[in-house]
Amino acid sequence: MIGSPRHEGMMQRLLVGRMFQGRLLPESMRTADGGRVERRTDIRFSFDGADYLGCGGDTLASALLANGVHLVGRSMKYHRPRGIVAAGAEEPNALVAVVRGGGRTTPNLRATQVELFEGLEAHSQNRWPSLNTDLGALVALAAPLLPAGFYYKTMMGPRGLGLWHRVFEPLVRRAAGLGRAPRVADPDRYARYYAHCDVLVAGAGPAGIAAALAAGRGGARTILCDEQAEPGGALLSEIAALIDGIPAREWLAQSLAELAAMPHVRVMPRTTAFGCYPHNMVGLAERVTDHLAAPSPDQPRERLWRVRARRIVLATGAIERPLVFPGNDRPGVMLAGAAREYLLRWGVKVGSRVVIATACDTAYRAALDLATAGVAVKLVVDLRAAADGPLPQAARAAGIAVLAGGRVLGTHLRGKRLDSVLLGRGDDGRRRWFDCDALLMCNGWTPAVHLHAQARGALRWEGERGVFLPGEPAPGVESIGACNGATDLAMALAQGAASGGGAVPVVEGEVPALPGPAHVDAAVAGDAFVDFQNDVRADDVRQAVAEGFHAIEHVKRYTAGGLGTDQGKTGNMNLLALAAAARGTPIPELGTTTFRPPYTPVSFGTLAGPARGEMFDPVRTTPLHAQAVAEGAVFEDVGQWKRARYFPQAGEDMHAAVRREVATTRAAAGLFDASTLGKIEVVGPDAAIFLDRLYLNAIATLKPGRCRYGVMLSEAGFVMDDGVMARLAPDRFHVTTTTSGAAHVLAHMEDYRQTEWPELRVWLTSTTEHWAVLAVQGPRARDVLAPLVAGDISAAALPHMAVRDLKVAGIPARMMRVSFSGEQGFEVNAPARHAPALWDALRPRIAAAGGTVYGTEAMHVLRAEKGYIIVGQETDGTVTPGDLGMAIGRGKGDFIGRRSLARPDMLAADRRQLVGLLSDDPALVLEEGAQIVAQSAPPPGTKALGHVTSSYFSPALGRSIALALLAGGRERTGERLFVPLARGSIGVAVAAPVFLDPQGGRLHV
Amino acid sequence: MFEIAEAPPATRLMLRGAPEVAARAGAAFGVVPPLEPCRANQAGERAALWLGPDEWLLLAPSDADATKLAAALEGLVHSLVDVSDGTEALLLHGAGAALALSAGCPLDLHPDAFPPGMATRTVLGRIGITLWRRGAADWWVEVARSQAAYARAFLAEAGRGW
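Residues numbered from 1 in each chain as written. Chains lettered and ligands numbered in written order. Predicted model: local features only at pLDDT ≥ 70, side-chain atom pairs only at ≥ 80, totals over all residues.

All names here are of chain B. Spatial ordering of the open sheet is given by β3-β4-β5-β2-β6, a layout of five strands whose pairing is antiparallel. A strand with exactly one partner marks an edge of an open sheet, and here the two such strands are β3 (40–43) and β6 (78–82). When the angles between neighbouring strand axes are averaged without regard to direction, this sheet yields 15°. Here helix α1 (residues 19–29) sits on the sheet in contact with β2 (11–17), β4 (46–52), β5 (55–60) and β6, set at roughly 150° to β2. Sitting on the sheet, helix α2 (residues 64–72) touches β2, β5 and β6, and the angle it makes with β2 is about 20°. (Pairing = 2+ DSSP bridges. Helix = DSSP H or I, 4+ residues; strand = E, 2+ residues; numbered from the N terminus. Axes fitted to C-alpha atoms, helices over the stretch in contact; angles between N-to-C directions. Contact = placed C-beta atoms within 7 Å.)

Before going further, it helps to spend a moment on the pairing of strand β21 (residues 376–382) of chain A. Residues and elements named next belong to chain A. Relative to β21, strand β20 (residues 353–358) is paired through six bridges, and the arrangement is parallel. Bridging from a neighbouring strand, Val354 pairs with Val377 of β21. Handedness of the β20-helix α8 (residues 363–372)-β21 crossover: right-handed. Sheet topology places β21 next to strand β22 (residues 402–404); three bridges connect them, and they run parallel. Its bridge partner lying in β22, Val381 is registered against Leu403. In this fold, the crossover linking β21 to β22 by way of helix α9 (residues 390–397) has right-handed handedness. (Right-handed = clockwise from strand over helix to strand, strands pointing away.)

Many analyses report the size of an interface as the accessible area lost when the parts associate. All names here are of chain B. Taken domain by domain, chain B comprises domain 1 (10–82) and domain 2 (86–158). Using C-alpha coordinates to define each centre, domain 1 is positioned 22 Å away from domain 2. Taken together, the nine residues of domain 1 in the interface contact nine residues of domain 2. It is β4 that provides the largest number of residues to the side of domain 1 that touches domain 2, a total of three residues. Among the residues making up the side of domain 1 that touches domain 2, the classes are represented as seven nonpolar, no polar and two charged. (Domains from an automatic or database assignment. Nonpolar A, V, L, I, M, F, W, Y, C, P; charged D, E, K, R; others polar.)

Attention now moves to the sheet that holds strand β3 (residues 38–47) of chain A. Residues and elements named next belong to chain A. Spatially, the five strands line up as an open sheet ordered β4-β3-β9-β7-β8, and their pairing is mixed. At either end of the open sheet lies a strand with only one pairing partner, and these are β4 (50–56) and β8 (105–110). The sheet shows a mean angle of 35° between the axes of neighbouring strands, direction not considered. Relative to β8, strand β7 (residues 95–99) is paired through four bridges, and the arrangement is antiparallel. Of the residues in β8, the one forming a bridge with Val96 is Leu109.

With that out of the way, let us pick up helix α7 (residues 336–346) of chain A. What sets the pattern is the α-helix's 3.6 residues per turn: residues three or four places apart point alike. All names here are of chain A. Within α7, eleven of the eleven residues are buried, leaving the element largely enclosed by the surrounding structure. Of all the positions in α7, only Ala336, Gly337, Ala338, Ala339, Arg340, Glu341, Tyr342, Leu343, Leu344, Arg345 and Trp346 are classed as buried. Its buried side turned inward, α7 meets α2 (60–66), β18 (318–320), β19 (333–335), β20, α8 and β26 (438–442). One or two steps after α7, the chain reaches Gly347, where phi turns positive at roughly 65°. (Buried ≥ 20, exposed ≤ 12 C-beta atoms within 10 Å, placed from the backbone.)

This is the structure:
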């Protein structure tokens, strides 16, 4: 049925190119009056490069239809020409990309939900080189080779042929998927908010508005959201009925005005409730700027709302079901309810000569309204044996021909549009082609139970109408209106009002639609599509069942039915009915597939919100950040912290800078910002007992005014953190933690304090950010500090591992004699606000002493030369204190991890122990993480004896050094081992892990 | 929609202990630490925020209060720790402040649920904060010093486009 490219090109010029002598032609299918569009505003837009005119209030779909355009896309697998099927979120075919320039390209938007604005540029998808001439359609010729499960079957081909990799995968990858993601970063802003309310009403149709009115009048904090630009739902296309004595649309306007006047009610149009999550949380996606021709740069494109509602009222309506017949996917075949909505809401006739095929009374409403608008309704084919309800009778009375017991046997395409349908009657074999340009179908309505089911509400089968209705809901959730089975306006309004205990509006003038079961022809074959978007035919469903895919979840995955971006909103019930028929099982026994969020696709940007770029994660800086910047620091990320890594001088690379910083600190003095260290003040009469139980070191015996190194173990006995305990008073300790362990250690301590030892009178307060820490290290550290300190800091008055409150440069400080460099060391803790002043006082004195500022890289080298470990570098969660050469003091009581340390495995002689490594080549710096073995050329499979944990060039030793964890390492001192690398094996000698000043003389001066 | 100002430096004391500690601290401090959960008591420039059953944040204009308080609490089992420089306070003023906060704080900030005089630890986006509603449109946001820049940027972004 695909015309030749040349023929299609002519059609393009004749039908789509709306330019005539430089002017755009008026819309050919717009009614003279009626509908809710602004006819006086001409809006110019383009689709696939052709310009058109539309009206204010149009969607892209209604505007295209007003211009007589039905062909809007190609199907995913067979590239069949497809038209607009629906008028709302359920649209399976009309997926378009909207391009706004500068990376603002959004693929896979439903044309039925794209609001028209001046200059809108939209493109069809899934076609190449053009919609009219699509070479991908040649795939349709191979349709017999592409059955259900094609993807799986081709993957299962014989190995060695390489068919999949060479042939099928490239083919499938090029053909698969819909639309193209833009290649540049999304320039738009997105926002996220939390919201709370008593009642959240999802869906502003008649039921939702009645519910919101009842809730709002009762004083409840209410949110009423609706995915469309204009609230009202079915009321927007209701022209006959009266509600409480006034026309439905007038009732709608009054109701919306009343809701707008209530300060505790919020009406949110263009807002899709896309997901129902545990504890009554509903995700809303609000489209803020997509409908605007020139959005303000201040406005986010979309907002994500995470709403906690005491009650969730779902008024999400129902989705019309297509009929499954051969050729049901031609452009021009669409849902009857959608055709009626296009007419009454947008003033658009979807065709001039229409045939209607239905298994449900509601299609007669379309027949009547279209006939009234002057459309030739040639025939209503009712698939039911009898069509005698009030609506069919009204149609007959209006002179519309009705054929009961009819069938649609085929359709014919001319160019890009349906031009006739083949109809038959019962089983008598008579058939006839009917000329028409639109075929409207209705197979009943599927309640939109998506959100109800997402919230884990049960479904119940209602056999009379062949629908699943909400069963037992999740707590706090209720469904009203069409999604709860309401079949007319009166019922919808009544359910809505009842949900909030409000008065029920009175409806007049509505002809009732009688319920009836959906029609499924179990034997329908050929191009009878169940899922339009994923090109699943009735044949495919039967084949899947025949191949043993019996569970509906398996049928879905095997056929890909319901896996498209529309999630099978229109097709799933037909798929279910066909699978059930093929299995000979009643539908309720087959069950449904799982309803998962989102209801309609949500942009990644909306979910990410502002959390990107600089705002992705907080960047934490120390109180001395500006000083480090002024010194020319190069920073590194340590968790969220920015820490000065080194301070290069002119011409220095990192290695040169670090060597200089280390050597200068050892020779004279160095100044280092250690503010990121975690700090916890532990206070209370039982503080010493508490810390004694948490650290393996003896804390209880520590005298006030003194400090002690502490190692914290997990219950399993492995090293977890380390730090310094400074006893300020009998009942007060200043405890430091590693930078990265600060939050975790505090939580660990709180856990034990509150749950294990609630009897201990002790409290923990984080002081990490209160104190800035300036470390002054080196043989001249005291010379640097002494003139600034009000008090005696001589080795006698303030010896190594002493702590005292002293004023430094007039600033109250907590001064500790501690060293992570192996040199005479002071760590000056000052309140953060004073840190810059203290730095400024110390900096010139450091310079005068021939010293330097140094960064984290030099700090690492200084400590490695001394064999001081870093938790997380020398330890990895499997290292015991014994492995590190740490002993438990005699007389030390119980502590966390002690019992585990007594396990035989923890005492094994071949455990990996901390050692030093000296490479044969003193200039060669080993790679951290490199493995250690006994042979220079280990055969494959050789088990490593250990690995390198830290490795640097040591300025003090004038050669490279490394720390390592080595099996039975302490016994191997002096042994020669190897570090095998790709470029060759490196010989190393095992040494003690302390390379410099093992007696610690430099600390105590 | 709202303004963000920085509060002047204040003395912040973290007080831990039994209710009698709160009572005696109140007499010395001038503001009684509340025993009712999530409440803040305020008198002039002094305030006491309930943060836990035995935990209060005391805010005062000068550090003279710390010395006075420590002396008054002598003999009672308690913990009093100066945390003045660990946090900064952002002062939010305006009808839109609650909405901006709700961009990162999952609590219900409606006056019925979070009335003036309420205070609690909570989160703002990726960081922890202490949030105190001082008036219908006045908020005191305690934020860690190193995270104040993130908080300011987060709130400014959340307030855009309304």
